[in-house]
Amino acid sequence: MNSFRRFAVICTALLLLLSVAASAQTTSSLTGKVILDGNGIPGVTVTISSPALLGTRTTVTDVNGNYNFAGLPPGAYTARFEMESMQTQTRNVQVTLSGTARADAEMRLSAVAEAITVTAAAPAVLETTEVQTNIQADLVNNLPTQRTLTATTSLAPGVTTQSGTGGAAAGSIAISGAPAYDSVFMVNGATVNENLRGQAHNLFIEDAIQETTVLTAGVSAEFGRFTGGVVNAITKSGGNEFSGTLRDTVTNDTWTAEGDLRVNEPVDVTNHVYEGTLGGRIIRDRLWFFAAGRYAERSQNNTLANDDATGFVTGTEDTRYEGKLTGQITSKHSLVASYLDSTTAQTNNCPFGGCLEFVNLDVARELPNTFMTLHYNGIITNSLLIEANYADKDFSFVGSGGDFTDRIRGTALGAYGTGEGYLGAPFFCGVCDDEERNNNVWGAKATYYLASRSLGTHSIVTGYENWAEERISNNYQTASNYIIYLYDDVNLIAPTCTGPTPADITCRPQISTGDEIKWNPIFELTQGSDFTTQSLFVNDKWDLNDHWNFNLGVRYDKNNGKDSSGITVADDSSFSPRLGVMYDVQGNGRFRVNGSYSKYVSRIAESIGSIGAGGGNPSYLYYEYTGPTINPNHTLTTQQALAELFAWFDANGGNGMAPTRGTLSGVNQKIVGSLQSPSVDEWSLGFGSQLTSNAYLRLDFTRKDWNDFYARFTNAQTGTVPAVVRDANGNVIVDLHSNLDFTEVSNSDAYERVYNAAMLQAAWRPFQRVNVGANYTWSTLKGNVTSENTGSGPVPESAFQYPEYKAFDQHNPTGYLPGDQRHKLRAWVSFDQPTPFGAFNFSLLQRFDSGTPYSAITQLSPSFFTNTQAGYTSPFLDGEGLSYAGTPGNVAYYLSERGEYRWDDISSTDLAVNYELPISRISLFAQAKVVNVLNNQGQINGNTTVVVDQAWNPFTETPVEGVHWHKGANFGRGTQPTTSAGASLLAPNGHFQLPRTFYFSAGLRF
């Protein structure tokens, strides 16, 4: 047994942890102090009750007058304080998910036998050094916003929605400056991230969500495997009383105003999203149930790229079911189990958003997803609570990609020189193996409450977690294993993609010298990757006295990763301290100053961990086309042009030709040593104030600095390897009779990524029927590493590949990264107006997001470096050259400062009117939402094409705009219209914000 396992076993035994997962943060805490004449009173009996709690919980105050309840389900609680000869006190308090609520009481002698009830006003956001935002379902339901997990998360400060330029996919959520893939999204205490790109899968039903907490800084050691933040949502659990909802949300593309550039007519089809929930008791105070369902079918009009008049309908059918049981084994032991099944069926899917002809569409595919959680809660004594969890998530792609494996019908083509789009077959293979992306987690934690007069009160949490994820994928890029790269600007101009009717449209591409045939064979089938993280953590929330409290924690993560060939590529470990302090200036909770230092360590990204594996990964071999121009007059269809191309290819040796460049999977790119998890150091300083009993404000400053980036190295020292692929028995599968440059993949600190932010949160309830809230984020994100792309999620940086070709400052300069957003504001007001004929709620949401950056970048081809017109013939020192077998492909050159340009600032005023009519025990409700009332058309993305006019020496010269290069005709302009009401508010399906759009929903509650 190795030292880590021995240490884990000893700690587990000492803490009575019988196995099972600490990452499942489904519970909360309630704490407080009971005083008499300003002094803490020991021995006061505190009893809490809630509709969210099976039965009641009771404890007594400690020697300092403090009490603590851990492991509570979030909800509205009543705390009752009783002591002989004292008046009974009652406090009402909201306990939020992953938060610590406070309910203090001041006892009085019982000269008069009366009970006093007070509603506790201090919000959980002021009770901790964590920077957190709690968002209740009632608020989300009233506001004019979508009710998804990502839309709710975007309401919090420190959260950025990506524009899709130069990094993560458009609409993806990034938290606190981290890459979009590197935050944790949780539902019912378990991770719902998609394994590769890291965004949340829709494993929820909107009406079933009870509340969501977003943690952006100073995060407790209980959470790990991220460098950004944590989003934690919990669904409803039923109760002693029966309750439920039925809802129909209605949209229609014709209810969206005509935005910039719209030329095609939207589909006049009413789309419905049906939701239903039902919860209640099976046995009062012993066993509750909750069930929910959701069905949505949507038809959305899209257009082919470069032909806005040619439309097609994309169909989506989404079915979700959830079941949940909450039960007591005894009064001190309970179990919660949940299961959710989600299946999405798609038709006419264009995965990369640039299809030029109908045969490029994926006609049909399914995305099944199942998710289950199991949580145990046991009260051993009033001072010791244990929790255990298990969760499992299984996701797969079924029938995703092309349906024909021959080279004529199964090959895709792309206008990679101009970025105009794709044609030919769909990408990936729909008749090959399905792909699976699964994860599971198990572990346990214990919470121990300890108090002494001299050292104050401690709430100590310690636990163990075992996280595992796998990917079973034979990643066929197309059904034929071929892709054609077209580089000439005239290849795919719009007139070449036509047809007698829209249904008959086809392209007539020209194939010229310099275009490439890319062969993507998979020589070794996957064994399935297996990446695990074992973790131990301890965290102490220490209240020393009325002025000082601390949050002291440390997390230990041990990685073990096997790639898709079964080879161990990760075997490292790291400690992550989490240290926070808070000072209560007056000792009464009115003014608090807090600071923290935290280190967060990510998991090993699977897409990086298997990057050097042969199992399931395609090789990439490029062959330059050097024959006569095919289809010079644009008379041949795509398939006819492909037939001529492959006839030339076969006549010249086919796959036996010498490739101009390439990578043999598992041969010339491998992980060297053990991968380390990327990490970040975070410092924060904040101030919070309970301004009045109904208003608070909190301001936090945060700085984050990343380390241990993934990187590729190809240089003279890494050398070359024979271009030979062998099977498990050593037999040669393919021999290209040449060498390939060898690439090492490991970690590097020779990059920079730094995030600075100020986050302000405020809330005010001036009247019982008025609720006002706002948050504002000022931030900068600077560096020279994006760490991800839209297609693959996490990617290694490549500045150290062929460094002699990149030894100029403008290859990878430091500047503003795509996720940089200077200003973000979310402000809302909600007003309740009861009337004799029903209750109204009027809500306004104001959104403002300052523009994100983009740059002027060109790609220098290898031939650029031997251009005699530029006055040089080689980038190599001493004129001796280097022993590279190939070239680096195109090399990025920043013609502007990094992030010099900005897309538009985006402002949107959104309104909602909610109406509810009680009829006996049933309430009928209706809601109308108007998003972007003023129909602003800010540009969130666009064209960044630049044109090189004259070569220059990149090592000694600075190119001049108007002499060496110029911006393309559409540079900085939006070229893709945003047309559909079905587009996400966060990820419009074009280059502009969503135009004015109406949504309606109606249903009943009981």
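Above this text you will find the structure in question.
In this text, all values refer to a predicted model and were calculated from it rather than measured experimentally.

1. A few points about the overall build of the protein
Okay, step 1: Tallying secondary structure elements over the protein gives 5 helices and 63 strands in all.
Okay, step 2: Taken over 1006 residues, the protein has a buried fraction of 58%.
Okay, step 3: For the protein, the exposed area adds up to about 38500 Å²; of that, 54% sits on carbon and sulfur atoms.

2. Here we look at the side chain of Arg 847
Okay, step 1: Within the secondary structure, Arg 847 sits in strand β54 (residues 838-849).
Okay, step 2: Relative accessible area serves as the criterion here: at 15%, Arg 847 is assigned to the buried category.
Okay, step 3: In this structure the side chain of Arg 847 is engaged in a polar contact, spanning 2.8 Å, whose partner is the side chain of Asp 910.

3. As for the packing of aromatic side chains
Okay, step 1: If you walk through the whole model with that rule in mind, you get 38 aromatic pairs.
Okay, step 2: Seen in terms of ring centroids, Trp 255 and Phe 1000 are 5.4 Å apart; in terms of plane orientation they differ by 90°. Their pairing is edge-to-face. In this pair, Trp 255 is assigned in the loop between β18 (243-252) and β19 (270-283) and Phe 1000 in strand β63 (residues 997-1005), connecting sequence segments 745 residues apart.
Okay, step 3: Ring centres of Tyr 482 and Trp 519 lie 6.5 Å apart, and the angle between their planes is 20°; this geometry places the pair in the stacked category.

4. Side note on the pattern of salt bridges
Okay, step 1: In this structure the tally under the stated criterion is 36 salt bridges.
Okay, step 2: Ionic pairing is found between Arg 225 and Glu 465, a salt bridge with its closest N-O pair at 3.0 Å. Here Arg 225, found in the loop between β16 (209-217) and β17 (230-235), pairs with Glu 465, found in strand β28 (residues 456-472); they are 240 residues apart in sequence, far enough to count as distant.
Okay, step 3: With a relative accessible area of 6%, Arg 225 lands in the buried category.
Okay, step 4: For Glu 465, a relative accessible area of 1% puts it in the buried group.
Okay, step 5: The salt bridge involving Lys 704 is made with Glu 682; its shortest N-O contact spans 4.0 Å. Of the two residues, Lys 704 is situated in strand β42 (residues 695-707) and Glu 682 in strand β41 (residues 679-692); the sequence distance between them amounts to 22 residues.
Okay, step 6: Bridged by salt links that share partners, the residues Arg 102, Asp 104, Glu 127, Asp 584 and Arg 592 form one connected network.

5. Side note on the pairing of β18
Okay, step 1: For β18, the tally of buried residues reaches 7 of 10 residues, placing the bulk of the element in the interior.
Okay, step 2: Pairing geometry for β18 and β19, over 10 bridges, is antiparallel. Its bridge partner lying in β19, Thr 249 is registered against Val 273.
Okay, step 3: Bridging between β18 and β63 involves 6 bridges; their strand directions are antiparallel. Within β63, the residue paired with Thr 245 across the bridge is Arg 1005.

6. Regarding empty space enclosed by the protein
Gaps left between atoms are located by rolling a probe of water-molecule size over the structure's atoms.
Okay, step 1: In this structure the tally under the stated criterion is 13 cavities of 30 Å³ or more.
Okay, step 2: For the largest cavity, the lining is made up of 28 residues, of which Ser 29, Thr 100, Glu 222, Val 461 and Lys 541 are closest to its centre.
Okay, step 3: Looking at the lining of the largest cavity, the elements with two or more residues in it are β1 (28-36), β5 (66-72), β27 (435-452), β28 and β33 (530-543).
Okay, step 4: Residue composition of the lining of the largest cavity, by class: 4 nonpolar, 18 polar and 6 charged.

7. Comments concerning the sheet that holds strand β43 (residues 709-714)
Okay, step 1: Strand order across the open sheet formed by 4 strands is β40-β46-β43-β51, with mixed pairing between neighbours. Unpaired on one side and paired on the other, β40 (669-671) and β51 (797-801) mark the two borders of the sheet. Ignoring strand direction, the axes of neighbouring strands in this sheet form an average angle of 35°.

8. Side note on the nonpolar core
Okay, step 1: In this structure, Ile 484, Ile 517, Leu 645, Phe 649 and Leu 664 are the most contacted members of the largest nonpolar core, which totals 33 residues.
Okay, step 2: Looking at this core, the elements with two or more residues in it are β29 (482-486), β32 (516-519), β38 (620-624), α5 (638-651), β44 (720-726) and β45 (732-741).
Okay, step 3: The leading source of residues in this core is α5, at 6 residues.

9. Considerations on α5
Okay, step 1: In a regular helix each residue adds 1.5 Å, so 14 residues correspond to 20 Å; α5 covers 20 Å between its end C-alpha atoms and thus fits that length.
Okay, step 2: Turning to α5, its buried residues are Thr 638, Ala 641, Leu 642, Leu 645, Phe 646, Trp 648 and Phe 649. In an axial view of α5, the angular spread of the buried residues amounts to 155°, which keeps them on one side of the axis.
Okay, step 3: Those residues of α5 hidden inside the fold are in contact with β25 (412-415), β26 (422-424), β29, β31 (506-507), β32 and β38.
Okay, step 4: Remark: Gly 653 follows α5 within two positions and exhibits a positive phi of approximately 105°.

10. Section: the side chain of Glu 797
Okay, step 1: Mapped onto the secondary structure, Glu 797 falls in strand β51.
Okay, step 2: Buried and unpaired, Glu 797 has no salt bridge, with Arg 898 as the nearest side chain of opposite charge at 6.0 Å.
Okay, step 3: Here the side chain of Glu 797 touches Ser 787 through a polar contact of 3.1 Å, landing on its backbone nitrogen.
Okay, step 4: With residues up to four places along the chain from it excluded, the contact list for Glu 797 reads Tyr 710, Ala 711, Arg 712, Tyr 751, Asn 784, Val 785, Thr 786 and Ser 787.

11. Remarks on the environment of Arg 765
Okay, step 1: Mapped onto the fold, Arg 765 is located in strand β47 (residues 753-767).
Okay, step 2: We classify Arg 765 as partly exposed; its relative accessible area is 30%.
Okay, step 3: Distance in space between the C-alpha atoms of Arg 765 and Tyr 696 is 9.6 Å, their sequence separation being 69 residues.
Okay, step 4: When near neighbours in sequence (up to four residues on either side) are disregarded, Arg 765 contacts Asn 694, Val 770 and Asn 771.

Rules of the game
Residues numbered from 1 in each chain as written. Predicted model: local features only at pLDDT ≥ 70, side-chain atom pairs only at ≥ 80, totals over all residues. Heavy atoms only, no water. Helix = DSSP H or I, 4+ residues; strand = E, 2+ residues; numbered from the N terminus. Buried < 20%, exposed > 50% of the residue type's maximum accessible area, 1.4 Å probe, protein only. Areas by Shrake-Rupley, 256 points an atom, 1.4 Å probe, with all protein chains shown as cover. Polar contact = N/O pair within 3.5 Å; in protein donor to acceptor, adjacent residues only side chain to side chain. Phe/Tyr/Trp six-rings, centres within 6.5 Å; stacked < 30°, edge-to-face > 60°. Salt bridge = Lys/Arg side-chain N within 4 Å of Asp/Glu carboxyl O. Pairing = 2+ DSSP bridges. 1 Å grid on protein atoms, 1.4 Å probe; cavity = no way out; pocket = protein on both sides within 12 Å on 5 of 7 lines; lining within 4 Å. Points joined across faces, edges and corners; volume = space filled by probe spheres on them. Nonpolar A, V, L, I, M, F, W, Y, C, P; charged D, E, K, R; others polar. Axes fitted to C-alpha atoms, helices over the stretch in contact; angles between N-to-C directions. Core = buried A, V, L, I, M, F, W, Y, C linked by side-chain atoms within 4.5 Å. Expected span 1.5 Å × (residues − 1). Arc of directions from axis to C-beta. Contact = heavy atoms within 4.5 Å. Lys, Arg positive; Asp, Glu negative; His and termini not counted.

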